[in-house]
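This is what each chain is made of:
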Amino acid sequence: MDWETRLIHSGYDLCEHTGAVSIPIYHASTFRQPSIDNFGPFEYGRSGNPTRQALEGLMAVLEGGMYGFAFSSGMAAISSALSLLCAGEHLVVSRDVYGGTYRALTGLFNRFGITHSFVDTSDLDAIQAAITAQTKALFLETPSNPILRITDLAACASIAKRHGLFTIVDNTFMTPYLQRPLELGIDVVVHSATKFLGGHSDTIAGVAVVNDELLARRLRMVQNTFGAVLGPQDCWLVQRGIRTLKVRMDAQQEKAAKLAAWLLAHPKVAAVYYPGLSAHPGREVHAAQSSGPGCVLSFTLADRQGARAFLERVRLPLLAVSLGGVESILSHPTTMSHASMPKKYQEILGIEESLFRLSVGLESYADLENDLAQALDIVD
Ligand SMILES: *Cc1c(COP(=O)(O)O)cnc(C)c1O
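If you're wondering where the values come from, they're calculated on a predicted model, not measured in any experiment.

A.B. asks: Any chance you could explain helix α14 (residues 365-377) here in plain terms?
C.D. replies: Residue pairs spaced three or four apart in an α-helix point in one direction, given the helix's 3.6 residues per turn. Spanning 13 residues, α14 covers 18 Å between terminal C-alpha atoms, matching the ideal 18 Å at 1.5 Å per step. Turning to α14, its buried residues number three or more, namely Tyr365, Leu368, Asp371, Leu372, Gln374, Ala375 and Leu376. Tucked into the core, α14 has its buried residues touching α10 (245-264), β8 (269-273), β9 (296-301), α12 (307-313) and β12 (355-359). Residue Ser364 occupies the N-cap position of α14, its side-chain oxygen lying 3.3 Å from the main-chain nitrogen of Ala366.

A.B. asks: How should the sheet that holds strand β5 (residues 166-170) be read in this particular structure?
C.D. replies: Strand-to-strand pairing in sheets goes through backbone hydrogen bonds, with the strands running parallel or antiparallel. Judged by pairing direction, the sheet is mixed, and its 7 strands sit side by side in the order β1-β7-β6-β5-β4-β2-β3 without closing on themselves. Where the open sheet ends on each side, the last strands, each with one partner, are β1 (67-71) and β3 (115-119). Between one strand and the next, the sheet's axes are offset by a mean angle of 20°, whatever the strand orientation. Of the strands in this sheet, β1, β2 (90-94), β4 (135-141), β5, β6 (188-192) and β7 (206-210) touch helix α3 (residues 74-82), which is tilted by about 155° from β6. Strand contacts of helix α8 (residues 213-226): β1, β6 and β7, with the helix running at about 20° to β1, the strand carrying the most contacts.

A.B. asks: In this structure, what is going on with the sheet that holds β12? I would like to understand it.
C.D. replies: In spatial order, the strands read β8-β9-β12-β11-β10; together these 5 strands make up an open sheet with mixed pairing. Two strands in the sheet have a free side with no partner beyond their single neighbour: β8 and β10 (318-319).

A.B. asks: For this particular structure, what's the right way to read the environment of Gln233?
C.D. replies: With respect to the secondary-structure elements, Gln233 resides in helix α9 (residues 232-242). Separated by 209 residues in sequence, Gln233 and Pro24 place their C-alpha atoms 9.4 Å apart.

A.B. asks: Please clarify how the packing of α3 against helix α4 (residues 99-108) should be interpreted in this entry.
C.D. replies: Two quantities define a packed helix pair, namely the angle between the axes and the distance from one axis to the other. Orientation of α3 relative to α4, taken along the N-to-C sense of each, is 40°, at an axis distance of 10 Å. Overall, the two elements α3 and α4 adopt an arrangement that is oblique. Where α3 crosses over α4, the two elements pack in a sense that is right-handed. Residue-level contacts link Met75, Ile78 and Leu82 of α3 to Gly100, Thr101, Ala104 and Leu105 of α4. By residue class, the composition of the contact of α3 with α4 is 5 nonpolar, 2 polar and no charged.

A.B. asks: Please explain the site of the ligand as it appears in this structure.
C.D. replies: By nearness alone, 14 residues border the ligand, and Met75, Asp170, Ser192, Thr194 and Lys195 come closest of all. A distance of 2.6 Å separates a nitrogen atom of the ligand from a polar side-chain atom of Asp170. For the ligand, an oxygen atom lies 2.8 Å from a polar atom in the side chain of Ser192. The cavity where the ligand resides is the largest pocket. Here the shell around the ligand gets 3 residues from one element, more than from any other, and that element is α3. Here the shell around the ligand is composed, by residue class, of 6 nonpolar, 5 polar and 3 charged.

A.B. asks: Would you mind showing me how to read the domain arrangement of the protein here?
C.D. replies: How big an interface is tends to be expressed through the accessible area that disappears when the partners come together. Here the protein is described as being made up of domain 1 (3-243) and domain 2 (246-377). Residue-level contacts link 36 residues of domain 1 with 44 residues of domain 2. Buried area between domain 1 and domain 2, summed over both chains or domains, comes out near 3,200 Å², and the portion from carbon and sulfur atoms is 61%. The largest per-residue losses of area from domain 1 upon contact with domain 2 belong to Tyr177, Leu178 and Phe196, which jointly make up 21% of the total buried on that side. Applying the counting criterion to the domain 1 and domain 2 interface returns 1 salt bridge.

A.B. asks: Mind showing me how you'd approach α3 here?
C.D. replies: Most of α3 sits out of view: 8 of its 9 residues are buried. Taken residue by residue, α3 has Gly74, Ala76, Ala77, Ile78, Ser79, Ser80, Ala81 and Leu82 as its buried positions.

About the criteria used
Residues numbered from 1 in each chain as written. Predicted model: local features only at pLDDT ≥ 70, side-chain atom pairs only at ≥ 80, totals over all residues. Heavy atoms only, no water. Helix = DSSP H or I, 4+ residues; strand = E, 2+ residues; numbered from the N terminus. Expected span 1.5 Å × (residues − 1). Buried < 20%, exposed > 50% of the residue type's maximum accessible area, 1.4 Å probe, protein only. Contact = heavy atoms within 4.5 Å. Polar contact = N/O pair within 3.5 Å; in protein donor to acceptor, adjacent residues only side chain to side chain. Pairing = 2+ DSSP bridges. Axes fitted to C-alpha atoms, helices over the stretch in contact; angles between N-to-C directions. Parallel < 35°, antiparallel > 145°, perpendicular 65-115°, else oblique. Left-handed = near helix turned anticlockwise from the far one by under 90°. Nonpolar A, V, L, I, M, F, W, Y, C, P; charged D, E, K, R; others polar. Near = heavy atom within 4 Å. 1 Å grid on protein atoms, 1.4 Å probe; cavity = no way out; pocket = protein on both sides within 12 Å on 5 of 7 lines; lining within 4 Å. Sits in = over half its atoms within 2 Å of the grid points. Domains from an automatic or database assignment. Buried area = accessible area lost by both parts, 1.4 Å probe. Salt bridge = Lys/Arg side-chain N within 4 Å of Asp/Glu carboxyl O.

In structure tokens:
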């Protein structure tokens, strides 16, 4: 079936008792068992819940995987995937990975003896060079945040297979609608479902999907043991969001592409980062492994001191930490998502004071362009 059909009809068979078209929200912490010789499909709410199972099944179908897992946040999904490693093992990680993942590796998992190397994963030789005898996994994000660097997923999967590593991809920016890493040979896909999957800035949620049964068993053990599961109400909200994923992303992506081209031509803008632009590094790799450039772009002002003046004038995109909602969201990486990163490291990544990240929402294109134009007027 085509995408739009799968989005609407996967993950839930209509309730046989009532015919309810929307999945019931099962607020139950435990489930009565028929007998000690014959347990039912659900036992205890942390181990499994019908509303959660529906979301997990839906995400598995959409990612082209076999097993889905829903977590209480994107970070819970990522931390649970990282918990597949053991003390003494090492990961190679995209150096401009999400700030929370950076914090988890440098402030938490390092304390349990899990080590990491950050490398520019758009450079396959750099990945090879960073692999040691202790390396167990690659952790990748493409397009990366906030500069939208591109990593070749199929090439990374084959490097990993050669060295006996497993691969984790944070697919939050793309969603399975635009990019399906499992189909390219990746082992674990993780998401912040807070973003495009939920799509309405109304819930915090995370998802992981795998194909391999052994990995699934290990991840289920972590999910049940660590216990960072998504509650039934939030599972329902994410499923509600997913039903409109395609129409939202199609409309938002079209506006993002137009805004990127308009910003690129604007004299007050120094640089635009967007995988849909013809000069964007890695554009061909991205086009080959995904079906669109997405709805997030970044840009720098020509006026390097102009960030505060610009922000005071912007009215429509909300100044906020997040992305992927129906409302456009403007964020300022140096003071927001990447504030905890040392300045020197920010410079290496090209994250400067005048850089903004824009997640384009569903407002009218003309209103968005007009608003950015009047705010750009104020800067030098
Ligand atoms: C937001 C985000 C996360 C973290 O997700 P939460 O739901 O906020 O915990 C991880 N990766 C990326 C790329 C994100 O944008």
